[in-house]
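Structural characterization, general
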Amino acid sequence: MQTEEAVAAKAVAVGGPVVVKGVNPVPYERIRKRAKVFGAIAGGALTLVAGWSIFDHKNQNCNVLFVCVVMGWLSIFGILLVLAELDVKFVHNYFHILAYRSGRASVGIFAGTICMSAAPSELALGATGLHMEGSYVVQVQWEFLVLGVFLIAASIYNIRVSSKAKANQLNKNRNKLPSGSHKEDSSSKPKELM
């Protein structure tokens, strides 16, 4: 009796599928759907948190107009991410980067890093009631930190699914039998006139 490792090694050597007892492989369509759900939730959360921060100006230490513009763009990116995950053709046609899973992942990483950088807010100590020269209090806006981590995690999962899609496509192409395996007889072709 052969061990599971020996059977798997033999299957890989001959190019066959590897089946290990007790392991249920996750089908590609299921992880693809899960990635779409994670991406849509992350885009929706980005829209809500960034949109809310446009109107909520507490604990901000920089120019309010700058924060409104950046968060406005992030909320637009969130709407586009949700629509791209829902396969809206308008978004795929006019925003080509969002038509691909890797493009949506790159936008998610971009938005996630901006959200994580917006999380710490340095307030002058004088704003808290204490008066000390040059001292700051760091206050963390947890909604941005959690959202940034979630966006980056969803993007990494999208990248993982994208790499599995490539492997799945390569596996499908490898297992196909060539359709034109017989050679055509050159005498059966009509001769061209010169």
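The structure this text deals with has already been given above.
Computed from a predicted model, the values in this text were never measured in an experiment.

Given a rise of 1.5 Å per residue, 28 residues ought to cover 40 Å, and the 41 Å separating the end C-alpha atoms of helix α2 (residues 28-55) matches this to within 8%. Within α2, burial applies to Tyr28, Ile31, Ala35, Lys36, Gly39, Ala42, Gly43, Leu46, Ala50, Gly51, Ser53 and Ile54.

Here the focus is the side chain of Lys36. Structurally, Lys36 is set in helix α2. A residue is classified by how much of its surface remains accessible, and Lys36, at 12% relative accessible area, is buried. In contact with Lys36, other than residues within four places in its own chain, are Ala84, Glu85, Asp87, Arg101 and Arg104.

What follows deals with the pattern of salt bridges. Enumeration according to the criterion identifies four salt bridges in this entry. The residue Lys36 makes a salt bridge to Glu85 at a minimum N-O spacing of 3.7 Å. One end of the pair, Lys36, is in helix α2; the other, Glu85, is in helix α3 (residues 64-85), and 49 residues separate them in sequence. Per residue, the accessibility class of Lys36 equals that of Glu85, and both read buried. Salt-bridge contacts for Glu85 lead to Arg104; the nearest nitrogen and oxygen are separated by 3.1 Å. Residue Glu85 is found in helix α3, and its partner Arg104 is found in helix α5 (residues 101-118); the two are separated by 19 residues along the sequence. Considered together, Glu85 and Arg104 belong to a single accessibility category, that of buried residues. Within the structure, one salt-bridge network assembled from shared partners comprises Lys36, Glu85, Asp87 and Arg104.

Note that Leu74 resides in helix α3. Sequence separation of Leu74 and Thr47 is 27 residues, and the distance between their C-alpha atoms is 7.0 Å. Once residues lying within four places of it in the same chain are set aside, the contact partners of Leu74 are Leu46, Ala50, Ala111, Ile114 and Cys115.

Here the focus is unusual backbone geometry. Positive phi outside glycine occurs at Asp87, with the angle close to 60°. Tracing the backbone through its elements, the reader meets Asp87 in the loop between α3 and α4 (89-94).

Rules of the game
Residues numbered from 1 in each chain as written. Predicted model: local features only at pLDDT ≥ 70, side-chain atom pairs only at ≥ 80, totals over all residues. Heavy atoms only, no water. Helix = DSSP H or I, 4+ residues; strand = E, 2+ residues; numbered from the N terminus. Expected span 1.5 Å × (residues − 1). Buried < 20%, exposed > 50% of the residue type's maximum accessible area, 1.4 Å probe, protein only. Contact = heavy atoms within 4.5 Å. Salt bridge = Lys/Arg side-chain N within 4 Å of Asp/Glu carboxyl O.

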